[in-house]
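Inside the fold
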Amino acid sequence: MLPLLIPQLIVVAVTTFAWFFPHHGWHKETHDLMQTLDEQDTDHSHITAGELKQALAKLPKVIQTWINAVLNHDLSKYDDNKDIPFARYLRVYQKGEFLLNGKYINFTATQEFSTRSQFAGFVWDANMIMMDCIGLELPIHVRDAYVSGMGMLKAQMPFGLPIMRMEDTPDLNEGELLRWCAEAVMFPLALIWMTKTGEENKKLKWHAVDENAATLEFNHNGTNATLHFNFDPKTHLVTSIHCMRPRMNGALSERAHWVGYCYEYERRGGMSVPTKMECGWEVDREKEVELYFKGKNESFIYLMS
């Protein structure tokens, strides 16, 4: 019987090696990036209603209305010394579909954010199942990140076989910063500059377009991001976000119109945040959007100051 078992034992041993060692290395890299993200923000101070009102007073009316809707409060009625919930870190668990080679494939992901604009950053760690040419399921790891002002994108198959790796290019840094800004709808106070001294931030600016739209300009570590936010006229919450974002076309990078959508708002961490998010690229002059990401935020874990 033993000789008959040898091939099966070899398969088990090879499979274990293929998964454990690359898998272990992948998770260590992810853990190290998330730890760096967490350690950047050492400011654990609270935000009071007075400080938030002072910061909002300098912003367009449409943004003031948005933040009041997010908090579900009329801040003008709050005592200035009242503490306002302010997250400095967020972990989200997601599941959804990702467009790859013309087909949607399932994914699960953990994403962590540094939720103050001074320390902007995130790490998105996803597992996907791709079908190979003969119909077998092939698991792949994908990591998208923006840490210490540097964008990172990496994907690999079993045995640690690389699919893609990019790091710290101007276009990638801009694209990842744009992603952080768009996903900040899950921690919107990050897009309001607040300090104990009341100093004005020249790196984060809002410009009203009309009563239901505004443009954000943000400079972080020398990288510029500009995004257009649309707000629902009834709920005053964000419905869609638009920007011109770098996109890989073969070996070349080009700028294309990117669109993100926010749905199904729920109260999490004392705020109204979207639990369903989708995004894609405009593909023709009719402004048709091809969605490449359809995600459901299953849980939110906020680390509050």
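Anything mentioned here points back to the structure above.
Residues numbered from 1 in each chain as written. Predicted model: local features only at pLDDT ≥ 70, side-chain atom pairs only at ≥ 80, totals over all residues. Heavy atoms only, no water.

Considering the environment of Glu-264
- Positionally, Glu-264 belongs in strand S13 (residues 252-268).
- With relative accessibility at 43%, the residue Glu-264 sits in the partly exposed group.
- Taking the C-alpha atoms as reference points, Glu-264 and Met-277, 13 residues apart in sequence, are found 8.7 Å from one another.
- Excluding residues that lie within four positions of it along the chain, Glu-264 makes contacts with Val-273, Pro-274, Thr-275, Lys-276 and Lys-296.
- In terms of polar contacts, Glu-264 uses its side chain to reach the side chain of Lys-296, at 2.8 Å. (Helix = DSSP H or I, 4+ residues; strand = E, 2+ residues; numbered from the N terminus. Buried < 20%, exposed > 50% of the residue type's maximum accessible area, 1.4 Å probe, protein only. Contact = heavy atoms within 4.5 Å. Polar contact = N/O pair within 3.5 Å; in protein donor to acceptor, adjacent residues only side chain to side chain.)

Quick look at unusual backbone geometry
- In the Ramachandran plot, Ser-148 falls in the positive-phi region, its phi being about 55° despite a non-glycine side chain.
- When you line up the elements, Ser-148 lands in the loop between strand S6 (137-147) and strand S7 (150-156).
- The backbone phi angle of His-236 is positive, close to 70°, even though this residue is not glycine.

Thoughts on the packing of aromatic side chains
- Enumeration over the complete set of coordinates arrives at 15 aromatic pairs.
- Geometrically, the ring pair formed by Trp-66 and Phe-231 is tilted, given 5.5 Å between the ring centres and 50° between the ring planes. Residue Trp-66 is located in helix H3 (residues 61-71), and its partner Phe-231 is located in strand S11 (residues 223-231); the two are separated by 165 residues in the primary sequence.
- Residue class for Phe-231 comes out buried when judged on its relative accessible area of 5%.
- Here the aromatic residues Phe-113, Phe-122, Trp-180, Phe-187 and Phe-218 are joined through ring pairs into a cluster of three or more.
- Stacked on the ring of Tyr-104, the Lys or Arg Lys-294 has its end atom at 4.2 Å from the ring centre. (Phe/Tyr/Trp six-rings, centres within 6.5 Å; stacked < 30°, edge-to-face > 60°. Lys NZ or Arg CZ within 6 Å of the ring centre and 35° of its normal.)

Here we look at the pattern of salt bridges
- Evaluated as defined, the whole model comprises 14 salt bridges.
- Residues Asp-38 and Arg-88 are paired through a salt bridge, measuring 3.6 Å at the closest nitrogen-oxygen approach. Of this pair, Asp-38 sits in helix H1 (residues 2-40) while Arg-88 is found in strand S3 (residues 87-100), placing the two residues 50 residues apart along the sequence.
- Owing to a relative accessible area of 9%, Arg-88 belongs among the buried residues under this scheme.
- The residue Arg-268 makes a salt bridge to Glu-266 at a minimum N-O spacing of 2.6 Å.
- For Arg-268, a relative accessible area of 22% corresponds to the partly exposed category.
- Relative accessible area serves as the criterion here: at 33%, Glu-266 is assigned to the partly exposed category. (Salt bridge = Lys/Arg side-chain N within 4 Å of Asp/Glu carboxyl O.)

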